[in-house]
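For reference, the chains in residue letters:
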Amino acid sequence: MTPRRFIAESLPLAVDRVRAELGPRALVLNVRRVPGEGWPRWWRKPQIEVIACPPAPAAELAEVRSELAEIRRQISRLPAPAAAAAAAPPPGAGPISAWLERHRLAPAHRHSLLSQLPRGETSLAAARGLLLAGWRAAPPLASNRHALIGPPGAGKTTALCKWLAQAVLMEGRRARVWRLDGEAANTAESLSVFAEILSVPVQRLADGAGADPAELVFIDLPGVDWRDPAALAGLAERLRALGGVQAHLVLNAAYDDDLLLAQARAFGALSTEVILTHRDEQPAWGKIWNLIFGTNCSVRFLSAGQNIPGLFENADPERLLGTDFP
């Protein structure tokens, strides 16, 4: 699975080369614009660089999953570190409590979940069932206009680029971007560069005149201070003025739980549907359930890394928990 570099005059030509040489299921790791090579670069148009690798063989994936499962089984036998609990777990539920704590489920939610277990139940499968039952699914996408909102630095523009890349490259959708100012100027020049690579138009004003109703519109807005009621009210008014927009709250999954919950609650009147970024920095799934159990939010997408398209996937609770139950 060694990554390979492909250079072409345009993105469609680069994608054609990737598919021809690595197959239709090749994994695209990064896309960027690069100058032409050699001295002709001074007058030649920039080229497109795509970093991709072939998909892992099924046998290789199965071997990795088996090794991970064995490691997790060994870890599960280790004594859990001492920690203050919200309340003593029910008799016989110690291993389940340790497992939930290891995955960073908050003490209050651990106790609540353990109290729902049938008396004498000690299987992780039973705890898994309760976690899945408590999952709150994201609502269906109700609009072709998607505004990404949230605090500064949460990764809104990167998440937008990843979603845009999937829609254009994998789904073949037509799209455009509205890169709009807010109380602060929108300085996301990288968004305009990436959209140009995808041949997606970028508008600095919200203008839907003559647009195809089936076309996707991604709306990039500057971050808003979640502690400033006036700024949140201004954002709410901006979303209303855009009309027919579905707002998606982008939060950094690596933030401390208390900060993550406070931000989700602050933006709750504008959107309860969340895109979690920086998942590679905080892989514990307990933090996601803390958000589900501690607010009225649902999680739609999980994003990791800065590469585009990189990792950007649906938040599937079965998949999040699945690796612990081989």
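Our subject is the structure that appears above.
Counting restarts for each chain: residues are numbered from 1 in the order of the written sequence. Restriction of local features to residues with pLDDT of at least 70 applies here, the model being predicted, together with a cutoff of 80 or more for giving and counting side-chain atom pairs; totals for whole chains, interfaces and linings are based on all residues. Side-chain measures were taken over the full set of non-hydrogen atoms in the model, leaving aside hydrogen atoms and water.

1. Observations concerning the pairing of strand E9 (residues 273-277)
Think of it in three bands: with a 1.4 Å probe and only protein chains considered, a residue is buried below 20% of the maximum accessible area for its type, exposed above 50%, and partly exposed in between. Each helix is a run of DSSP H or I of at least 4 residues and each strand a run of E of at least 2, with the numbering of both proceeding from the N terminus. A large share of E9 lies buried, amounting to five of its five residues. Neither face of E9 is exposed, since Glu 273, Ile 275 and Thr 277 on one face and Val 274 and Leu 276 on the opposite face are all buried. Strands are treated as partners if at least two bridges between them are detected by DSSP. Here strand E8 (residues 246-252) pairs with E9 via four bridges, running parallel. Note that in E9 the partner of Asn 252 across the bridge is Thr 277. Crossover connection from E8 via helix H9 (residues 257-266) to parallel E9: handedness right-handed. One ladder, built from four bridges, connects E9 with strand E10 (residues 298-304); its direction is parallel. Paired with Ile 275 across the strands is Phe 301, a residue of E10. With the strands aimed away from the viewer, a crossover counts as right-handed if its path from the first strand over the helix to the second runs clockwise. Handedness of the crossover joining E9 and E10 through helix H10 (residues 286-294) is recorded here as right-handed.

2. Some thoughts on the packing of helix H3 (residues 94-102) against helix H5 (residues 124-133)
Any two packed helices are characterised by how steeply their axes cross, that is the angle between the axes, and by the distance between the axes. Helix axes use the C-alpha atoms of the stretch in contact, all axes being lines fitted to C-alpha atoms, and the angles between their N-to-C directions lie in the range 0 to 180 degrees. Where H3 meets H5, the axes come as close as 9 Å, and the angle between the chain directions of the two elements is 50°. What the angle tells us is that H3 and H5 run oblique. Relative to H5, the crossing made by H3 is right-handed. Facing H3, whose interface residues are Pro 95, Ile 96, Trp 99 and Leu 100, H5 presents Leu 124, Ala 127 and Leu 131. Any residue outside Ala, Val, Leu, Ile, Met, Phe, Trp, Tyr, Cys, Pro, Asp, Glu, Lys and Arg is labelled polar, Gly included; the first ten of those are nonpolar and the last four are charged. Residues of the contact of H3 with H5, tallied by class, amount to seven nonpolar, no polar and no charged. Any angle from 65 to 115 degrees is called roughly perpendicular, while one under 35 is roughly parallel, one over 145 is roughly antiparallel, and all others are oblique. For any helix crossing, the convention is left-handed if the near helix is rotated counterclockwise from the far helix by under a right angle, and right-handed if that rotation is clockwise. Whether two residues touch is decided by their heavy atoms; if any such pair falls within 4.5 Å, the residues are in contact.

3. Observations concerning H3
Those residues of H3 that sit buried are Ile 96, Ser 97, Ala 98, Trp 99 and Leu 100. Summarising the contacts, the buried residues of H3 are in contact with helix H4 (107-115) and H5. At the exit of H3 stands Arg 104, carrying a positive phi of roughly 70°.

4. Thoughts on the pairing of strand E4 (residues 145-149)
Of all the five residues making up E4, four are buried; the element is thus mostly covered by neighbouring parts of the structure. In the sheet, E4 pairs with strand E7 (residues 216-220) via four bridges, with the strands oriented parallel. Bridging from a neighbouring strand, Leu 148 pairs with Asp 220 of E7. Sheet topology places E4 next to E8; four bridges connect them, and they run parallel. What sits directly across from Leu 148, in E8, is His 248.

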